[in-house]
Amino acid sequence: MKVITTERLYLRRITLKDAPAILKLLNDKDWILNIGDRCIRTETQAEEYIKTRFLKSYKEQGFGFYAVILKASGEFIGTAGLVDRDGLDHVDIGYGFLPEFRGKGYAYEATSAIYDYGYEVLKLDKIIAIVNPDNKGSIKLLEKLGLVFEKMVRLPDEDKDIKLFS
């Protein structure tokens, strides 16, 4: 089910068929460095992750992270979306892309569309973002979206502080 369409992309709900792509994304060295190691090493584990994270969020919240697909080829290039995360007062916007699709403007195109979707369709009162303090690329993208650094926070069950933008 397509949720959002942009000039070059469409965003749709993630399904169990996306397990191979999700497995690849979650094991990318930059994902592990900036977002964290989810310890997903098999397609079966990726399917379970999809069920307990993505599908659960759609059911309980009505939104979540979406598969980002190139219109031209139909390729899965990453994920982007919104999450109601424990430890935060507002919905959080986030993304992750496979290495070969970074630096092409897809992350901004997808997150900008999601940002608008959150306010215009979902009628959210505020969208925030969290980011690893060392992730300069993501910080630049958040600032381009119009978000500004507010404070350092530590989420439940995490061992380091992260930057919160609002």
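Residues numbered from 1 in each chain as written. Predicted model: local features only at pLDDT ≥ 70, side-chain atom pairs only at ≥ 80, totals over all residues. Heavy atoms only, no water.

### Observations concerning the pairing of strand β4 (residues 76–83)
As a reminder of what qualifies: Burial classes follow relative accessibility: with a 1.4 Å probe on protein chains only, a residue under 20% of its type's maximum area counts as buried, one over 50% as exposed, and anything between as partly exposed. Runs of H or I in DSSP of at least four residues are treated as helices and runs of E of at least two as strands, each being numbered from the N terminus. By definition, two strands form a pair when at least two bridges between them are found by DSSP.
Burial analysis of β4 places eight of its eight residues in the buried class, the great majority of the element. Note: strand β3 (residues 65–70) against β4, five bridges, orientation antiparallel. Its bridge partner lying in β4, Ile69 is registered against Phe76. Adjacent in sequence and paired antiparallel, β3 and β4 are bridged by five residues, among which Gly74 carries a positive phi angle near 80°. Judged from the six bridges that link them, β4 and strand β5 (residues 91–97) form a sheet pairing that is antiparallel. Residue pairing for β5: Thr79 is matched across the bridge by Gly96.

### Observations concerning the packing of aromatic side chains
For the record, the criterion: Each pair of aromatic rings taken from Phe, Tyr and Trp, with Trp reduced to its six-membered ring, is defined by centres within 6.5 Å and is described as stacked if the planes are under 30 degrees apart, edge-to-face if over 60, and tilted in the remaining cases. Here, a charge over a ring means that NZ of Lys or CZ of Arg falls within 6 Å of the ring centre while also lying within 35 degrees of the ring normal.
If you walk through the whole model with that rule in mind, you get five aromatic pairs. An angle of 75° between the planes, with centres 5.7 Å apart, marks the rings of Tyr49 and Phe54 as edge-to-face. Just as Tyr49 is buried, Phe54 falls in that class too. Relative to Tyr119, the ring of Tyr115 has its centre 5.2 Å away and its plane inclined at 85°; by these criteria the two rings are edge-to-face. One end of the pair, Tyr115, and the other, Tyr119, are both in helix α4 (residues 106–120), four residues apart, so they sit about a helical turn from each other. Look at Tyr115 and you get buried, because its relative accessible area is 16%. Directly above the aromatic system of Tyr10 lies the positively charged group of Lys2, at a separation of 4.4 Å from the ring centroid. One residue, Lys163, lies across the ring of Phe149, its end atom 5.3 Å from the ring centre.

### Considering helix α1 (residues 19–26)
Residues three or four positions apart in an α-helix share a direction because the helix packs 3.6 residues into each turn. What counts, and what does not: A contact between two residues is defined here by any heavy atoms of the two lying within 4.5 Å.
Here α1 lies mainly inside the structure; six of its eight residues are buried. Taken residue by residue, α1 has Ala19, Ala21, Ile22, Leu23, Leu25 and Leu26 as its buried positions. Against α2 (29–34), α3 (43–61), β4 and β5 lie the buried residues of α1.

### Here's the deal with the packing of α1 against α3
Quick note on the threshold: For helices, the fitted line uses only the C-alpha atoms of the stretch in contact; every axis is such a line through C-alpha atoms, and the angle between N-to-C directions lies from 0 to 180 degrees. When describing relative orientation, an angle under 35 degrees is termed roughly parallel and one over 145 degrees roughly antiparallel, while 65 to 115 degrees is termed roughly perpendicular and anything else oblique.
Contact geometry of α1 with α3 gives a least axis separation of 8 Å together with a crossing angle of 90°. Judged by the inter-axis angle, α1 sits roughly perpendicular to α3. In contact with Ala19, Pro20, Ile22, Leu23 and Leu26 of α1, α3 contributes Glu43, Ala46, Glu47, Tyr49, Ile50 and Phe54.

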